[in-house]
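Spelled out from the first residue to the last, the chains are:
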Amino acid sequence: MATSKTRTTDKDTEYGAPFTEKTVAAAHEAIDRLSERVSKTEERVRGAAAHGQQSWSEKQEEVRAQVEGSLAGMKAYARENPLMAAGIAFAAGVVIANMLRR
């Protein structure tokens, strides 16, 4: 059986290694750029989420205050005009009952 010996010449080493090194360097640069972009995007998303959560909490408090104010106004009206409040409640009950029948 004949065996072939492969010899690496200086020419192969000279051209092979720099190409590989350039390719590896280019890949590292691309990964570094991508990593920077992902990091910036992550920061923006986290900031938007925090802002959204803060906005949501503020709106929740605003609505809660409006509901409490409305309830206080209704209670005061019912204390001042008990017959009118009872009449309004009866009328609302009749309307809702008719809507549910259909």
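What you see as residue numbers is a count from 1 along each chain, following the sequence as written. Totals for whole chains, interfaces and linings use all residues, but because this is a predicted model, local features are given only for residues with pLDDT of at least 70 and pairs of side-chain atoms are given and counted only at 80 or more. To obtain the side-chain values, all non-hydrogen atoms of the structure were used and water was disregarded.

**Notes on the overall build of the protein chain**
Alright, step 1. Secondary structure is summarised from DSSP: a helix means a run of H or I of at least four residues, a strand means a run of E of at least two, and numbering begins at the N terminus for each. Along the backbone of the protein chain there are two helices and zero strands.
Alright, step 2. Residues classed as buried in the protein chain amount to 0% of the 102 residues present.
Alright, step 3. Per-residue and other accessible areas were derived by the Shrake-Rupley procedure at a 1.4 Å probe size, with only the shown protein chains allowed to occlude residues. Entry remark: accessible area of the protein chain is about 9,800 Å², with carbon and sulfur atoms responsible for 61%. Type-normalised accessible area, obtained with a 1.4 Å probe on protein chains alone, sets the label of each residue: buried when under 20%, exposed when over 50%, and partly exposed for intermediate values.

**Topic: the pattern of salt bridges**
Alright, step 1. Salt bridges are identified by distance alone: a Lys or Arg side-chain nitrogen within 4 Å of an Asp or Glu carboxyl oxygen. What the rule picks out here adds up to two salt bridges.
Alright, step 2. Between Glu-61 and Arg-64 there is a salt bridge whose closest N-O contact spans 2.7 Å. Here Glu-61 pairs with Arg-64, and both are found in helix α1 (residues 10-80), just three residues apart, close to one helical turn.
Alright, step 3. By relative accessible area, which is 48% here, Glu-61 ends up partly exposed.
Alright, step 4. Judged by its relative accessible area of 42%, Arg-64 is partly exposed.

**Considerations on a nonpolar patch on the surface**
Alright, step 1. A residue counts toward a patch only above 30% relative accessible area and without a salt bridge, and it is joined to like-charged neighbours within 9 Å or, for Val, Leu, Ile, Met, Phe, Trp and Tyr, to nonpolar neighbours within 5 Å. Taken together, the side chains of Val-63, Val-67, Leu-71 and Met-74 present a nonpolar region at the surface, about 360 Å² in accessible area.
Alright, step 2. Mapping Val-67 onto the fold places it in helix α1.
Alright, step 3. The class for Val-67 is partly exposed, based on a relative accessible area of 44%.

**What to know about a positive patch on the surface**
Alright, step 1. Positive charge collects at one region of the surface, where Arg-33, Arg-37, Lys-40 and Arg-44 lie side by side.
Alright, step 2. Here Arg-33 lies in helix α1. None of His or the chain ends enter the tally, which takes Lys and Arg as positive and Asp and Glu as negative. By convention, the charge on Lys lies at NZ, on Arg at CZ, on Asp at CG and on Glu at CD.

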